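Structural overview for review
Residues per chain, in single letters:
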Amino acid sequence: MDYRECLKKGLIRRTVPSRDKALQSLGTADKWLEEAHKSALVEARRSSLLCSYLAVFHAARAVLFRDGYREKSHACVALFLKANYVKKLRLEPEWVELLDHLRETRHSDQYSFDFVASPDEVETALDNSAAFVSRMKKLIAKRNKDRISRSREFR
């Protein structure tokens, strides 16, 4: 599936762009990061991985809200970022790869009978998810600055 199919199937839908929802989603991402760290401290590794993924998902979702989209598919969020940011050289491809990797890890954790999370995998997920949330915050801040600059040009 590609991004256009997500749109066609209604898995990504247009909505009113919302800076407020974007900021709320980033706040949710920060809360999931906290939960991921707390879970890791008590060696609840599967919970920590799930929380790390949810932090990344909500940070990515913030970009959609900012741009006026709503997701109905976790996989389509990555396809949205790839089509609208990576291909337009606004975002490095490794961030979408990380989102997909953590989504697939979450899927394995939830649906596999033999999934085991290693301490190293949890630590890597914690570091990567924090970096991802930070990168999405910068991406949203840059888009806001770009729009302010463009609006000033037309005054």
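The following paragraphs examine the structure supplied in this document. In every chain, residue numbers begin from 1 and rise along the written sequence. With the structure being a predicted model, the display of local features is reserved for residues of pLDDT at least 70 and the display and counting of side-chain atom pairs for 80 or more, all residues being used for whole-chain, interface and lining totals. For the side-chain quantities, the full set of heavy atoms in the structure was used; hydrogens and water were omitted.

Let us now look at the overall build of the protein chain. When helices and strands are tallied, the protein chain shows six helices and two strands. Helix numbers and strand numbers start at the N terminus; a helix is a DSSP run of H or I with at least 4 residues, a strand a run of E with at least 2. Sequence-ordered secondary structure for the protein chain, helices as α and strands as β, is α-β-α-α-β-α-α-α. Radius of gyration means the value over C-alpha atoms here, while the globule rule gives 2.2 Å times the residue count to the 0.38 power. Expected size for 155 residues packed as a compact globule is a radius of gyration near 15 Å; at 16 Å, the protein chain falls within 12% of this value. Viewed in the frame of its principal axes, the protein chain has a C-alpha envelope of about 60 × 30 × 25 Å. Buried positions account for 45% of the 155 residues belonging to the protein chain. In short, Shrake-Rupley with a 1.4 Å probe defines the accessible areas, and a residue's cover is counted only from the protein chains shown. Counting every atom, the protein chain has about 9100 Å² of accessible surface; 51% of that belongs to carbon and sulfur. The averaged location of the 22 negative side-chain charges in the protein chain is 11 Å from the averaged location of its 31 positive side-chain charges. For the exposure calls, accessible area comes from a 1.4 Å probe over protein chains only, and a residue counts as buried if that area is under 20% of its type's maximum, exposed if over 50%, partly exposed in between. Asp and Glu count as negative and Lys and Arg as positive, but His and the ends of the chain are not part of the count. We put the charge of a Lys on NZ, of an Arg on CZ, of an Asp on CG and of a Glu on CD.

Once that is clear, we can look at the packing of aromatic side chains. Aromatic rings in a pair are described by how distant their centres are and how their planes are angled relative to each other. A pair of Phe, Tyr and Trp rings is counted when the ring centres sit within 6.5 Å of each other, with Trp represented by its six-membered ring. The angle between the planes then sorts it: under 30 degrees is stacked, over 60 is edge-to-face, the rest tilted. Across all of its chains, the model carries five aromatic pairs by this definition. When the centroid spacing of 6.1 Å and the interplanar angle of 70° are considered together, the rings of Trp95 and Phe132 count as edge-to-face. In this pair, Trp95 is assigned in helix 5 (residues 93-111) and Phe132 in helix 6 (residues 119-153), connecting sequence segments 37 residues apart. Each of the two residues, Trp95 as well as Phe132, counts as buried. Lysine and arginine charges are scored as sitting over a ring when NZ or CZ, respectively, is within 6 Å of the ring centre and within 35 degrees of the ring normal. One residue, Arg14, lies across the ring of Tyr69, its end atom 4.6 Å from the ring centre. Looking at Arg90, its charged tip hangs above the ring of Tyr85, at a distance of 5.6 Å from the centre.

Moving on: the environment of Val133. The topology assignment puts Val133 in helix 6. C-alpha of Val133 to C-alpha of Leu33: the two residues are 100 residues apart in sequence and 8.8 Å apart in space. We call two residues contacting when some pair of their heavy atoms lies within 4.5 Å. Non-local contacts of Val133, meaning those with residues more than four positions away in its chain, are made with Ala29, Asp30, Leu33, Ala55 and Ala59.

We now examine the nonpolar core. What we call a nonpolar core is a set of buried Ala, Val, Leu, Ile, Met, Phe, Trp, Tyr and Cys residues that are connected through their side-chain atoms within 4.5 Å. Within the largest apolar cluster, 46 residues are counted, with the highest numbers of intra-cluster contacts made by Phe80, Leu81, Leu91, Leu99 and Phe132. Counting residues per element, this core draws most heavily on helix 3 (residues 45-67), at 13 residues. Leave out the neighbours within four places in its chain, and Leu91 touches Leu81, Tyr85, Val86, Val96, Arg135, Met136 and Leu139.

Bringing the state of the cysteines into the picture now. Two cysteines form a disulfide when their sulfur atoms are joined by a covalent bond. Disulfide assignment relies on a single distance test, namely cysteine sulfur atoms paired within 2.5 Å. Scanning the model with the defined rule gives one disulfide in all. Across the disulfide from Cys6 sits Cys76; the S-S distance is 2.0 Å. In this structure the cystine formed by Cys6 and Cys76 twists about its S-S bond by roughly -80°; its chirality is therefore left-handed. You can see Cys6 sitting in helix 1 (residues 3-8) and its partner Cys76 sitting in helix 4 (residues 74-86), a full 70 residues away along the chain. We note that Cys6, like Cys76, is buried.

This paragraph deals with the packing of helix 4 against helix 5. Note on geometry: axes are lines fitted to C-alpha atoms, helical ones only across the stretch in contact, with angles between N-to-C directions running from 0 to 180 degrees. At a minimum axis separation of 10 Å, helix 4 and helix 5 run at an interaxial angle of 175°. Here helix 4 is positioned roughly antiparallel relative to helix 5, judged by the angle of their axes. Along the contact surface, helix 4 presents His74, Ala75, Val77, Ala78, Leu81, Lys82 and Val86, while helix 5 presents Pro93, Val96, Leu99, Asp100, Arg103 and Arg106. For this classification, the nonpolar set comprises Ala, Val, Leu, Ile, Met, Phe, Trp, Tyr, Cys and Pro, the charged set comprises Asp, Glu, Lys and Arg, and every other residue, Gly included, is treated as polar. Residues of the contact of helix 4 with helix 5, tallied by class, amount to eight nonpolar, one polar and four charged. Here the angle decides the label: under 35 degrees means roughly parallel, over 145 means roughly antiparallel, 65 to 115 means roughly perpendicular, and every other value means oblique.

Now for helix 4. Any helix carries an expected span of 1.5 Å times its number of residues minus one. For helix 4, which comprises 13 residues, the first-to-last C-alpha distance of 17 Å matches the rise-based estimate of 18 Å (1.5 Å per residue) to within 8%. Here helix 4 starts with a cap whose side-chain oxygen sits 3.4 Å from the backbone nitrogen of Ala75, and that cap is Ser73. Pairs of N or O atoms are called polar contacts if they sit within 3.5 Å, as long as, within protein, a hydrogen donor faces a hydrogen acceptor (for residues adjacent in sequence, only side-chain-to-side-chain pairs).

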